[in-house]
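# Topology and contacts: notes
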Amino acid sequence: MNAAAIMALRTAAADVEVVAQTGSTNADLMARAAGLARPLLLVAEHQTAGRGRAGRSWLSAPGDSLTFSLAWKFEGSPQRLLGLPLAVGVALAEALGALDVPVQLKWPNDVLKDGEKLAGILIETQGAPDGGTWAVIGIGLNLQMPADLETRIGRAVATAPWLARMDRNVLMAALLDALAAAMNQFEQAGFGAFRARWDALHGWRGQPVRILDNGECVQQGLAVGVDDSGRLLLDTDAGRVAVLAGDVSLRLGGA
Ligand code: ATP
């Protein structure tokens, strides 16, 4: 991949860098955010220590996936960004749909294809001296999946062979533009602008689900959708409850 080519193709007001290899593009941008003058997309051809939520790992093989992070500065405190991970899921899912890869969302922000995980999103934040907040939005997207890597991941995953055949610079520029447009929209209108779109992409709507906290089931019910702040609405025996993302995980099925 080539930074100059992506820069020439994108319309977003963001700089682009491509590195052959790094541990984690999120870690790199978190370390650099304080010194950035404008948004920056960092793409790694190979990411060797990709991170997921709660210390989990995101595994990828060089050439078989897209691994990148976008540093974007928002006005105000991190509390305003509660629904951002879901908004990023919507932006990514809509962009993939426009490229003829229909996907669904699993709360809070996994992108599923045919029921398995195609992409993961990890957002980290950092206060800026002017009172704003830098968000570092990390995305791993499977294009192809070697069998040995799937074995190491330990669960079935989804791939997008159709996208694997696309020019990577064109694909990256399209995703960058979709994300940048969503970030601008989130800055203006918050998660409210994304709620109905998230619900329209909800893969587990009406399904029995369990919320796990450290492996322990803390809620169960039927998944309804999300509210205006991005909490999952669950219909439980005790009525409708709203679940905050935090570090909880969502699984299909009743007890
Ligand atoms: P879960 O998917 O278990 O509910 P999560 O949404 O918090 O957890 P993330 O933190 O987004 O998951 O991603 C980390 C998890 O994704 C890992 O624990 C692993 O199970 C899975 N994983 C790691 N690499 C890949 C990959 N390339 N494709 C699909 N899934 C992966």
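This text goes with the structure placed above it.
Residues numbered from 1 in each chain as written. Predicted model: local features only at pLDDT ≥ 70, side-chain atom pairs only at ≥ 80, totals over all residues. Heavy atoms only, no water.

## Details of the environment of R165
In plain terms, the rule: Per the convention used, a helix needs a DSSP run of H or I reaching at least four residues, while a strand needs a run of E reaching at least two, with both numbered from the N terminus. Between buried and exposed lies partly exposed: a residue is buried under 20% and exposed over 50% of the maximum accessible area for its type, with that area taken using a 1.4 Å probe on protein chains only.
As for its placement among the helices and strands, R165 is situated in the loop between α5 (161-164) and α6 (168-189). On the accessibility criterion, R165 (64% relative accessible area) is exposed. Between the C-alpha atoms of R165 and L143, which are 22 residues apart in sequence, the distance is 8.9 Å.

## Section: the side chain of D64
Which entries qualify depends on this criterion: In this tally, Lys and Arg are treated as positive and Asp and Glu as negative; His is ignored, and so are the chain termini. Put simply, a salt bridge is a Lys or Arg side-chain nitrogen that is within 4 Å of an Asp or Glu carboxyl oxygen. Throughout, a contact is declared for two residues whenever any of their heavy atoms are within 4.5 Å.
Tracing the sequence through the fold places D64 in the loop between β4 (57-58) and β5 (65-74). One buried charge, D64, has no salt-bridge partner; the nearest side chain with opposite charge is R168, at 6.2 Å. The residues touching D64, leaving out its near neighbours within four places in the chain, are N142, L143, Q144 and P146.

## Regarding unusual backbone geometry
Geometrically, the link from W107 to P108 is a cis peptide bond, its omega value of 0° lying close to zero. Note on placement: P108 falls in the loop between β6 (104-106) and β7 (110-113). Notably, D100 is not glycine yet its phi reads approximately 70°, a positive angle. Looking at the secondary structure, you find D100 in the loop between α3 (84-98) and β6. Located in the positive-phi region is D114, a residue other than glycine, with phi close to 50°. Following the sequence through the fold, D114 ends up in the loop between β7 and β8 (116-127). Of the residues examined, D114 reaches a relative accessible area of 70% and is grouped as exposed.

## Side note on the sheet that holds strand β11 (residues 216-226)
Applied cut-off: In this description, strands pair whenever DSSP reports at least two bridges between them. Here the axes come from fitting lines to C-alpha atoms, over the contacting stretch only for helices, and the angles between their N-to-C directions go from 0 to 180 degrees.
One open sheet holds the five strands; their spatial order is β13-β12-β11-β10-β14, and the pairing between them is antiparallel. Edge positions in the open sheet fall to β13 (239-243) and β14 (249-252), since each of these has one partner strand only. Each strand of the sheet is rotated relative to its neighbour by a mean of 45°, with strand direction disregarded. With six bridges connecting them, strand β10 (residues 208-213) and β11 associate as antiparallel partners. Looking across to β11, one finds that R210 is bridged to Q220.

## Topic: the pairing of β8
The sheet contact formed by β7 and β8 spans three bridges and is antiparallel. Each residue of the ladder has a partner; that of L112, found in β8, is K117. Turn length for the β7-β8 hairpin, with the two strands adjacent in sequence and antiparallel, is two residues, and the turn residue D114 shows positive phi of about 50°. As judged from the nine bridges shared by β8 and strand β9 (residues 133-142), these two strands associate in the antiparallel manner. Of the residues in β9, the one forming a bridge with A119 is L141. In textbook terms, the turn of a hairpin is the stretch between consecutive antiparallel strands, and for β8 and β9 this stretch comprises five residues, one of which, G131, has a positive phi near 90°.

## Considerations on α3
For clarity, the threshold we go by: Given the number of residues in a helix, its expected span is that number minus one, multiplied by 1.5 Å.
Compared with the 21 Å implied by 1.5 Å per residue over 15 residues, the 21 Å span of α3 between its first and last C-alpha is a close match. With eleven of 15 residues buried, α3 is to be regarded as a mostly interior element. By the burial criterion, the buried members of α3 are L84, L86, A87, V88, G89, V90, A91, L92, A93, A95 and L96. One or two positions beyond α3, positive phi appears at D100, with a value near 70°.

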